[in-house]
Amino acid sequence: MKRGSIFELNGIPRVGEALPLALQHVVAMIVGCVTPAIIVSGAVSGGGLSSSDQVILIQAALVVAAISTLIQLFPIGRGKLAIGSGLPVIMGVSFAYVPSMQAIAEGYGVATILGAQVVGGVVAIVMGLLVKQIRVFFPPLITGTVVFTIGLSLYPTAINYMAGGTGNEDYGSWQNWLVAFLTLAVVTVLNHFGKGIWKLASILIGIIVGYILSIPFGMVDFSSVGEAGIFQLPKFFHFGIHFEISACVAIGILFAINSIQAIGDYSATTIGAMDRTPKDEELQNGIVAYGITNIIGAVFGGLPTATYSQNVGIVTTTKVINRWVLGLAAVILGIAGLVPKFSAILTTIPQCVLGGATVSVFASIAMTGMKLVASAEMDYRNSSIVGLAAALGMGVSQATEALSTFPDWVTTIFGRSPVVLATLIAVLLNIILPKTRVETKEEDERKKRVKRKLEKDRSELQK
């Protein structure tokens, strides 16, 4: 392989250049990658997973993120049959699935999440193969509504964590709130006043500061670190795989949404850093790989992954698109996942620290959704779609007894997490409600542009 610049997609850059940039990507996403595993492990009925199982779940999150990223960067095969987009993206466990995973973990356990993930992977593969035909059902208005609802639904999780975690004896104590707010203060200050690595690593630095502050309060227990090994390979079917129809439907819908959302991340990467739009082949292969790697991940106990927008932001800001730089970041993640002691250290982070650090992340998710929604004209029709979808989705999930007379599967799909119900309502209303003249005109113009492009492509092929 020839030498290459960090600003070129291919070629191997110098290690001195690649390593700091790779670490920058790791620092920006590692907390977000492992936090869903920590949240889900605590949500399992009966007091949560054991410390050893929690370590395995975190390990799997890191290893699967590494494998998924490498496959996206360096596709298996060529052409339309390739698995992987070949674009400079980072994959990690997604917060988008957390509300539904929490509900499933409480009712059925981790094995049912992984079973639903296998089904979701199949859904993603189908979405990838039919991406051109299905995109029309998920315009920015709909994806924005879904992302906004995801952010809102995560707020109670953050607040409960800031208070010390439900079920803990010191839940709501002033010590928990003090540490949580100091952690949040560090993250907020660095986000707004920090530059370079200080801004990118704001959440990680906030957690480190909060962690240190929590030690004098006796919130940190290192016993699990001493018990953990130095090296351990991921375990096949450690948690098992169980299929439950309602869980499969809930997670499957989220996979369909995230498949479309991935198009946004691929587009942002190519437009922002490569001065072009993504090719249909890249989109198809990337989404198909997203489905396949999630099926593989379920076997290892890794929770659902997706493209990481914060890393897309780094790529578009720095213009560093070299695949070997991002590949080195994936290798670092994989090595971290093979060291149980590292994963065990992560399990010792007090919940109040995690809450203080992640509440800003959840707020950012909600505001990202609002930006997508705002990209469409907010007339009465579109306002109705967003308002009704968010109101019914959030309202039904908050009114815990609202579906008590319905079968359990109805509650699992629609009552535990607001995301599924909000998505279905948004899509249906977008199809049913009549469009305004402006929207109809814009759609006609878009169709004309597509038709002109196809005619131009045909004429060039004939020449």
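Residues numbered from 1 in each chain as written. Predicted model: local features only at pLDDT ≥ 70, side-chain atom pairs only at ≥ 80, totals over all residues. Heavy atoms only, no water.

A.B. asks: So, the overall build of the protein chain: which residues are in play, and what are the values?
C.D. replies: Across its full length, the protein chain carries 20 helices and two strands. Taken over the C-alpha trace, the protein chain has a radius of gyration of 22 Å; the compact-globule value for 463 residues is 23 Å, and the two agree within 12%. Taken along the three principal axes of its C-alpha coordinates, the protein chain extends 75 × 65 × 45 Å. Every one of the 463 residues in the protein chain was classed for burial, and the buried ones make up 54%. When the accessible surface of the protein chain is totalled, it reaches about 20,800 Å², and 66% of it is carbon and sulfur. (Helix = DSSP H or I, 4+ residues; strand = E, 2+ residues; numbered from the N terminus. Rg over C-alpha atoms; globule rule 2.2 N^0.38 Å. Buried < 20%, exposed > 50% of the residue type's maximum accessible area, 1.4 Å probe, protein only. Areas by Shrake-Rupley, 256 points an atom, 1.4 Å probe, with all protein chains shown as cover.)

A.B. asks: Which residues make up helix H17 (residues 380–398), and what values do they have?
C.D. replies: Taking 1.5 Å per residue as the helical rise, H17 with its 19 residues ought to reach 27 Å, and the 26 Å between its terminal C-alpha atoms agrees with that figure. Taken as a whole, H17 has its buried residues at Arg381, Asn382, Ser384, Ile385, Val386, Ala389, Ala390, Gly393, Met394 and Ser397. (Expected span 1.5 Å × (residues − 1).)

A.B. asks: Quick one: what's the story with helix H14 (residues 323–337), residue by residue and with numbers?
C.D. replies: Relative to the 21 Å expected for 15 residues at 1.5 Å per residue, H14 spans 21 Å between its end C-alpha atoms, a close match to the ideal helical length. Among all positions of H14, only Arg323, Val325, Leu326, Gly327, Ala329, Ala330, Leu333, Gly334, Ala336 and Gly337 are buried.

A.B. asks: Mind laying out the pattern of salt bridges, listing which residues take part and the relevant values?
C.D. replies: For side chains of opposite charge, pairing can occur when their charged atoms come near one another. Taken as a whole, this structure holds two salt bridges when the rule is applied. Note that Glu17 is salt-bridged to Arg14, the shortest N-O span being 3.7 Å. Taking relative accessible area as the criterion, Glu17 reaches 30% and is therefore assigned partly exposed. A residue is classified by how much of its surface remains accessible, and Arg14, at 53% relative accessible area, is exposed. Among the ionic pairs, Arg276 bridges to Glu282, the shortest N-O distance being 2.9 Å. (Salt bridge = Lys/Arg side-chain N within 4 Å of Asp/Glu carboxyl O.)

A.B. asks: Which residues make up the packing of helix H1 (residues 15–43) against H14, and what values go with them?
C.D. replies: The contact between H1 and H14 brings their axes to 8 Å, and the two run at 55 degrees. With respect to H14, the axis of H1 lies oblique. Between H1 and H14 the crossing geometry is right-handed. Residue-level contacts link Ala18, Leu19, Leu21, Ala22, Leu23, His25, Val26, Met29 and Ile30 of H1 to Val325, Leu326, Leu328, Ala329, Ile332 and Leu333 of H14. By residue class, the composition of the contact of H1 with H14 is 14 nonpolar, one polar and no charged. (Axes fitted to C-alpha atoms, helices over the stretch in contact; angles between N-to-C directions. Parallel < 35°, antiparallel > 145°, perpendicular 65-115°, else oblique. Left-handed = near helix turned anticlockwise from the far one by under 90°. Contact = heavy atoms within 4.5 Å. Nonpolar A, V, L, I, M, F, W, Y, C, P; charged D, E, K, R; others polar.)

A.B. asks: For the environment of His192, give the residues involved together with the corresponding values.
C.D. replies: Assignment of secondary structure puts His192 in helix H7 (residues 174–193). Since its relative accessible area comes to 62%, His192 is described here as exposed. For the pair His192 and Ser202, spaced 10 residues apart in the sequence, the C-alpha separation amounts to 9.7 Å.

A.B. asks: Can you explain the packing of helix H4 (residues 110–129) against helix H12 (residues 280–300)? Please cite residues and give values.
C.D. replies: Contact geometry for H4 and H12: axes closest at 7 Å, N-to-C directions at 165 degrees. With respect to each other, H4 and H12 are oriented roughly antiparallel. When the axes of H4 and H12 are compared, the crossing they make is left-handed. Where H4 approaches H12, its residues Leu114, Gln117, Val118, Gly121, Val122, Ala124, Ile125, Met127, Gly128 and Leu129 are matched on the opposing element by Gln284, Ile287, Val288, Tyr290, Gly291, Ile292, Asn294, Ile295, Gly297 and Ala298. Classifying every residue of the contact of H4 with H12 gives 13 nonpolar, seven polar and no charged.

A.B. asks: Provide a residue-level description of the confidence of the model for the protein chain, including the pertinent values.
C.D. replies: Scored by pLDDT, the protein chain has a mean of 84; 92% of the residues are at 70 or more. Mean pLDDT values over the elements of the protein chain span from 57, in helix H20 (residues 437–462), up to 95, in H4. (pLDDT = per-residue confidence, 0-100.)

A.B. asks: Please set out the side chain of Thr348 residue by residue, giving values where relevant.
C.D. replies: On the secondary structure map, Thr348 appears in the loop between helix H15 (340–347) and helix H16 (351–374). Polar contacts involving the side chain of Thr348 include one to the main-chain carbonyl oxygen of Ile345, which spans 2.5 Å. Discounting residues that sit within four places of it in the chain, Thr348 has contacts with Tyr211, Val220, Asp221, Phe222, Ser224 and Val225. (Polar contact = N/O pair within 3.5 Å; in protein donor to acceptor, adjacent residues only side chain to side chain.)

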